Amino acid sequence: MRKFFKRSFFRNIFNKLIGKDKKLKIGLYGHPNSGKTTLANTMTSDWLGKPIGLISEIPHETRRVYRQERVKIEYDGVELDFDIVDTPGIATKIDYKNFLEFGLSEEEAKERAKEATKGIIEAIKWLDDVTGVLLVVDATQDPLTQANITIMGNLEARKIPFLIVANKIDLPEASADRITSVFPQHTVVPVSALHGENTGDLYQAMVDKFN
Amino acid sequence: MDSTESNALKMDFLSSDALKNRTSMEKISLIVEKVKAGDLLVMEGGLTPSEEAELIETTMREIDIENFVGIDIYTLEKDKISFFGLSKKKTIGITIIGPANVMKSVKKKSNFLSMIANLGDSGASLH
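Residues numbered from 1 in each chain as written. Chains lettered and ligands numbered in written order. Predicted model: local features only at pLDDT ≥ 70, side-chain atom pairs only at ≥ 80, totals over all residues.

### So, the overall build of chain B
When you go through chain B residue by residue, the secondary structure sums to 3 helices and 7 strands. Helices and strands appear in chain B in the N-to-C order β-α-α-β-α-β-β-β-β-β. Here chain B, with 127 residues, has 27% of them falling under the buried criterion. Taking all contacts inside chain B whose residues are at least 6 apart in sequence as the whole, residues at least 24 apart take part in 59%. (Helix = DSSP H or I, 4+ residues; strand = E, 2+ residues; numbered from the N terminus. Buried ≥ 20, exposed ≤ 12 C-beta atoms within 10 Å, placed from the backbone. Contact = placed C-beta atoms within 7 Å.)

### Remarks on the sheet that holds strand β1 (residues 25-30) of chain A
Residues and elements named next belong to chain A. Across the sheet, 6 strands lie side by side as β2-β3-β1-β4-β5-β6; this open sheet has mixed pairing. The sheet is open, and its two borders are formed by β2 (66-75) and β6 (188-190), each paired with just one other strand. Neighbouring strand axes in the sheet, compared pairwise and without regard to direction, differ in orientation by 30 degrees on average. Across 8 bridges, the pairing between β2 and strand β3 (residues 78-86) is antiparallel. Directly across from Glu74, in β3, lies its bridge partner Glu79. The strands touched by helix α2 (residues 36-48) are β1, β2, β3, β4 (132-138) and β5 (162-167); relative to β2, the strand with the most contacts, the crossing angle is about 55 degrees. (Pairing = 2+ DSSP bridges. Axes fitted to C-alpha atoms, helices over the stretch in contact; angles between N-to-C directions.)

### Structural notes on the environment of Pro51(A)
Residue and element names in this part refer to chain A. Following the sequence through the fold, Pro51 ends up in the loop between α2 and β2. The sequence separation of Pro51 and Thr37 amounts to 14 residues, and the corresponding C-alpha distance is 8.9 Å. Beyond its immediate stretch of four places on either side in the chain, Pro51 contacts Asn41, Thr44 and Ser45.

### What to know about the nonpolar core
All names here are of chain A. Among the nonpolar cores identified, the biggest contains 73 residues, and Ile84, Ile90, Leu134, Leu135, Val165 and Ala166 are the most heavily contacted of them. A per-element tally of this core places helix α4 (residues 106-126) first, with 6 residues. In this structure Ile84 touches Ile26, Leu28, Ala40, Met43, Thr44, Ile52, Arg67, Gln68 and Val71, once residues within four positions along its chain are discounted. (Core = buried A, V, L, I, M, F, W, Y, C linked by C-beta atoms within 7 Å.)

### Structural notes on the environment of Val188(A)
One can find Val188(A) in strand β6. Separated by 49 residues in sequence, Val188(A) and Ala139(A) have C-alpha atoms that sit 11 Å apart.

### Brief notes about the interface of chain B and chain A
Residue-level contacts link 16 residues of chain B with 19 residues of chain A. Listing elements by their share of the side of chain B that touches chain A, those giving two or more residues are α3 (49-62) and β3 (71-81) of chain B. Among the elements that take part in the side of chain B that touches chain A, α3(B) stands out by supplying 8 residues, more than any other. Residue composition of the side of chain B that touches chain A, by class: 10 nonpolar, 3 polar and 3 charged. (Nonpolar A, V, L, I, M, F, W, Y, C, P; charged D, E, K, R; others polar.)

### Quick look at the pairing of β1(A)
Residues and elements named next belong to chain A. The element β1 is extensively covered by neighbouring structure, given that 5 of its 6 residues are classed as buried. Where β1 lies against β3, 4 bridges are found, and the strand directions are parallel. Among the inter-strand pairings, Leu28 is bridged to a residue of β3, identified as Asp86.

So, in structure tokens, the structure goes:
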């Protein structure tokens, strides 16, 4: 699979040079620590050969929107050309005390909390600009949360196509079936963004959904 | 908190009629004002997706790190059957919104919600 990606990388460069381009902006949305940036990194590493952003186990590591332009994937002879918009995790609450458990000083934790509130506002604003979304859900957690419901409700109301990415399936407590049972009307793709597991299925689903 | 007792929990119940003539901005201001004051709000019906997003946005602007850390929202849904009974979809029956530092523990099933409210050193149980 990786060799295939590397071969396509050079073909993609050629396609970019000849100006074969569509402006599709795919936003990665979801809870803090659901693995959005890990998935964005896997995607950009597979198709561009470089990661997009830093990851950490501390929630709200991504506190502003990162955009990687002109990612092109190809699956079964179909190309999908898009910008990746990696957004901060959406939450309804931010308590700086939660960051102290990860060894941050009180000052650092408060600063992180302040930045995280701004990041959430920015992520919500980007809902007006994205043309497709990967809703990244941590498959080890209860998927029926207000943040997920709000994101999906807004995508449906705005008629923005989206896929649910059931992430972290490498962990024993993960259950993609639980996500499918809660959101039966939507396409759920189980992956491990960290290990690149099942990402081929995700790329196929993206080509089908967003092309 | 509005109450004179710091360990008391004030709960406000709003019928859908009380909200239907308010604009989205008015609804959100009302919710944030009450929740910031430490009240728990139980509303008949729910917010639209764009109102929910606006509520999260407003909440983020109002978080002051020390005193107000955000909100928790829970909804109970009910089936809405179309005129001919051919299609069935879910609508929000009840929405419960409260300060995140008060709504400590919530157990939710499709038609049942149980919440433990933490008020300083004491606790209150709502079922």
